[in-house]
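Given next are the chains, with one letter for each unit.
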Amino acid sequence: MTDAISSILSQIRAHETRAQGPLGNLAAVDARPSNAIETGQPGRADFQKTLSNAIDGVSKAQNEAGALQHAFEIGDPRADLARVMVAMQQSQVAFKAAVEVRNRLVQAYQDVMNMPV
């Protein structure tokens, strides 16, 4: 089950990378991976930081889609219909992925709590 969660989180990170700014404003990328632990163990993920980054990415995608939708509504020429629709679909997919991760985490927690001691 841990591999499935890791897979979903990596898909969320990949989606977050692709969804960086519908108008082309890309954020600066840190040279160090965002999930590296400061203890010197490369490749080991800091779960809380990874989950927080994923949730922030979903929120950012939703905010950018909303801003792009508003720009389209007021007639901004940089916000054409195709970009608006792609941004809205990206934010919807990101939200659904986050909900699925949450559901799997809750199920894993319930499975652990129901284990006999």
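Structure: above.
Anyway, here's the lowdown on the structure attached to this text. (Residues numbered from 1 in each chain as written. Predicted model: local features only at pLDDT ≥ 70, side-chain atom pairs only at ≥ 80, totals over all residues. Heavy atoms only, no water.)

Looking only at helices and strands, one finds three helices and zero strands in the protein chain. Moving toward the C terminus, one meets the helices and strands of the protein chain in the order α-α-α. Sorting the 117 residues of the protein chain into buried and exposed places 21% on the buried side. The contacts of the protein chain with a sequence gap of at least 6 include a subset with a gap of at least 24, amounting to 62%. Of the roughly 8,400 Å² that the protein chain leaves accessible, carbon and sulfur atoms contribute 58%. (Helix = DSSP H or I, 4+ residues; strand = E, 2+ residues; numbered from the N terminus. Buried < 20%, exposed > 50% of the residue type's maximum accessible area, 1.4 Å probe, protein only. Contact = heavy atoms within 4.5 Å. Areas by Shrake-Rupley, 256 points an atom, 1.4 Å probe, with all protein chains shown as cover.)

Here we take up a nonpolar patch on the surface. Together, Phe72, Leu81, Met85 and Met88 make up a nonpolar patch on the protein surface, roughly 350 Å² of accessible area in all. It is helix H3 (residues 81-113) that provides the largest number of residues to the nonpolar patch, a total of three residues. If you trace the backbone, Met85 turns up in helix H3. (Patch = residues over 30% accessible without salt bridge, like charges linked within 9 Å, V, L, I, M, F, W, Y side chains within 5 Å. Salt bridge = Lys/Arg side-chain N within 4 Å of Asp/Glu carboxyl O.)

Counting residues in hydrophobic clusters, the biggest one holds six residues: Ala65, Leu68, Ala71, Ala79, Val84 and Ala87. Elements represented by at least two residues in this core include exactly helix H2 (47-73) and H3. Considering every element that reaches this core, the biggest residue donor is H2, with three residues. Once residues lying within four places of it in the same chain are set aside, the contact partners of Val84 are Leu68, Gln69, Phe72 and Ala79. (Core = buried A, V, L, I, M, F, W, Y, C linked by side-chain atoms within 4.5 Å.)

Attention now goes to the environment of Val93. Secondary-structure assignment places Val93 in helix H3. Since its relative accessible area comes to 48%, Val93 is described here as partly exposed. Once the C-alpha coordinates of Val93 and Ile12 are considered, the two residues, 81 residues apart in sequence, prove to be 9.3 Å apart.

This part covers H3. For H3, spanning 33 residues, the distance from its first C-alpha to its last is 48 Å, which sits close to the expected 48 Å at 1.5 Å a residue. Every buried residue of H3 is listed here: Val84, Ala87, Ser91, Ala94, Val101 and Ala108. (Expected span 1.5 Å × (residues − 1).)

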